[in-house]
Amino acid sequence: MDTADKLLIRALSGETLETPPVWMMRQAGRYLPEYRETRAKAGDFLKLCYNPELATEVTLQPIRRYGFDAAILFADILLIPQALGADLWFVTGEGPRLSTITSKADFNKLSDADDVHETLSPIYQTVRNLREALPPETALIGFAGAPWTVATYMIAGRGTPDQAPALALMNEKPAVFDALIELITEATIQYLVEQIKAGAEVVKIFDSWAGVLSGFQFAKYATRPTARIVSVLREEYPHVKIIGFPRGTSNEGILNYTKTTEIDAVAIGADVDADWAVENLQSITCVQGNLDQSLLVSGGEKLVSETKRIKAAFAGGPHIFNLGHGITPDADPDNVSRMVDALRS
Ligand code: CP3
């Protein structure tokens, strides 16, 4: 099937469909027994990311089980810091750890944006494998973290609840902070270009920590770098579709971001009111979202009724059905089937 005919691409091109295409953030993950088995075979999470054969396998697992309309490349937003020379490891049950950036000297140890490909070349191989292996109707999504979100991990060396270390560097050493944002922006462009060349039909830019930025900071460090990434990709690849996810920011912020970046779809969390999104976002672009991911843990009638409510709310315009954030490891795989059935029935 041609890329343009796939349901996900049709929605991203502005078409209103009777049943929206569906996929889930973190659809390849620990809630699936077959994922846990493959990860054990790989040794650990990072080895799995850098093993094209096994990364291809875990990307395909949720497609086989649920017949989603899109597959998302199995990798992580923190591979870019690693490719730039940061140390990266994952502590089981806690999350990522990296070397920190608190000074100009730390920043100077990082490599140039165009040096990332040696580390990341297995990821491009996974993309090529996936274009071979996916069912013809399934679209392939590549991705990267947005510069601000990636910077928060590089500066703090871990996830933090409030991103205080990154905000402190922004305020206390703005030249170092700005240089870091610029380096990540350029490396991300290089990384996404290679994913597109390898066969990604859509790319998604995850700004998971956009919500802690104030209005001015959000415009400068979330919207502006993303707009640059979009404009460079578009210039080289006019047909590539781009989804942005400015998680947790104000409605006004989401709207400005959507207009300024000129993305093809904006992903919204479960906290965003559907009526507001229909009126203000869906009138200018495709909207992706926004089922509360905790319903895949609790299940029941509420899962079915919420799935149908969201489908109905967005039925008048272009919509991609998804969760508000990633599926959690305690979700019941059978609840995902119930969600897909409720959506497609
Ligand atoms: O299925 C998919 O969505 C594709 C693969 C994917 C992963 N991470 C795999 C993963 C994608 C798109 C991501 C994005 C990502 N990674 C984000 C942005 C989206 C979001 O959730 O807000 C962020 C912030 C990260 C960084 C990251 N990776 C953290 C904080 C953690 C630890 C927390 C956790 O859930 O364990 C990870 C690990 C990670 N990335 C896992 C997976 C499947 C779990 C690792 C494991 O198997 O142990």
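Above this text sits the structure in question.
Residues numbered from 1 in each chain as written. Predicted model: local features only at pLDDT ≥ 70, side-chain atom pairs only at ≥ 80, totals over all residues. Heavy atoms only, no water.

Here we look at the overall build of the chain
Rules: Put simply, DSSP H or I for four residues or longer makes a helix, DSSP E for two residues or longer makes a strand, and each gets a number counted from the N terminus. Here the radius of gyration uses the C-alpha set of atoms, whereas the globule reference equals 2.2 Å times the residue count to the power 0.38. The classification of residues rests on relative accessible area computed with a 1.4 Å probe and restricted to protein chains. Under 20% of the type maximum is buried, over 50% is exposed, and intermediate values are partly exposed. Using a 1.4 Å probe, the Shrake-Rupley method yields the accessible areas, and only the shown protein chains count as cover for residues. Counting rule for charge: Lys and Arg are taken as positive, Asp and Glu as negative, and neither His nor the chain ends is counted. We put the charge of a Lys on NZ, of an Arg on CZ, of an Asp on CG and of a Glu on CD.
Secondary structure summary: the chain contains 16 helices and nine strands in total. The C-alpha atoms of the chain give 19 Å as radius of gyration, which agrees with the globular expectation for 345 residues (20 Å, within 12%). In terms of its C-alpha atoms, the chain occupies a principal-axis envelope of roughly 60 × 45 × 40 Å. Per-residue burial over the chain gives 58% buried out of 345 residues. Split by element, the accessible area of the chain, about 14,000 Å² in all, is 48% carbon and sulfur. For the chain, the centre of its 32 positive side-chain charges and the centre of its 44 negative side-chain charges are spaced 2 Å apart.

Examining the pairing of strand β4 (residues 139–145)
To keep things clear, this is the line we draw: When DSSP finds at least two bridges between two strands, those strands are taken to pair.
With respect to burial, β4 is a largely interior element, seven of its seven residues being buried. Inspection of the sheet shows strand β1 (residues 70–72) paired to β4 by three bridges, in the parallel sense. Looking across to β4, one finds that Ala71 is bridged to Leu140. Pairing analysis gives five bridges linking β4 to strand β5 (residues 202–207), with the strands arranged parallel. Residue pairing for β5: Ala144 is matched across the bridge by Ile205.

Thoughts on the pairing of strand β3 (residues 95–98)
Of the pairings in the sheet, the one linking strand β2 (residues 88–91) to β3 comprises four bridges and is antiparallel in character. Opposite Phe90, over in β3, you have Pro96 as the bridge partner.

Re the pattern of salt bridges
Our working rule: In what follows, salt bridge is the name for a side-chain nitrogen of Lys or Arg lying within 4 Å of a carboxyl oxygen of Asp or Glu.
One pass over the full model with this rule turns up 13 salt bridges. Notably, a salt bridge pairs Glu34 with Arg65, separated by 2.7 Å at the nearest N-O pair. A residue pair is termed long-range when its members are at least 10 positions apart, and Glu34 in helix α2 (residues 33–42) and Arg65 in helix α4 (residues 52–66) qualify at 31 residues. Note that Arg64 is salt-bridged to Glu57, the shortest N-O span being 2.9 Å. The exposure class of Glu57 is partly exposed, given its relative accessible area of 25%. A cluster of three or more residues bridged by salt bridges with shared partners is formed by Lys6, Arg131 and Glu201.

Thoughts on the site of the ligand
Spelled out, the test is: Definition of nearness: a residue and a molecule or strand are near each other if at least one heavy atom of the residue lies within 4 Å of the molecule or strand. Definition of a polar contact: a pair of N or O atoms within 3.5 Å, with one able to donate and the other able to accept a hydrogen when the atoms are protein atoms, and with sequence-neighbouring residues admitted only if both atoms are side-chain atoms. We call Asp, Glu, Lys and Arg charged. Ala, Val, Leu, Ile, Met, Phe, Trp, Tyr, Cys and Pro are nonpolar, and the rest, Gly among them, are polar.
By nearness alone, 22 residues border the ligand, and Arg30, Tyr35, Arg39, Ser208 and His325 come closest of all. Residue Arg26 places a main-chain N or O atom 2.7 Å away from an oxygen atom belonging to the ligand. At a separation of 2.4 Å, an oxygen atom of the ligand approaches a polar side-chain atom of Tyr35. Look at the ligand: alone it shows 870 Å² of surface, and the protein chains cover 87% of it. Counting only elements with at least two residues in the shell around the ligand, the list comes to α2 and β3. When grouped by side-chain class, the residues that make up the shell around the ligand number 14 nonpolar, four polar and four charged.

Remarks on a negative patch on the surface
Our working rule: Like-charged residues are merged into a patch within 9 Å and nonpolar side chains (Val, Leu, Ile, Met, Phe, Trp, Tyr) within 5 Å, provided each residue has over 30% relative accessible area and no salt bridge.
A cluster of acidic residues, Asp112, Asp114, Asp115 and Glu118, forms a negative patch at the surface. Following the sequence through the fold, Glu118 ends up in helix α7 (residues 117–133).

Regarding the side chain of Thr56
Using the following cut-off: By definition, residues are in contact when any of their heavy atoms lie within 4.5 Å.
Position of Thr56 relative to the elements: it lies in helix α4. Thr56 sits in the buried class, given a relative accessible area of 8%. Engagement of the side chain of Thr56 in a polar contact is seen with the backbone oxygen of Pro52, the distance being 2.6 Å. Residues contacting Thr56, with those up to four places away along its chain left out, are Thr126, Asn129 and Leu130.

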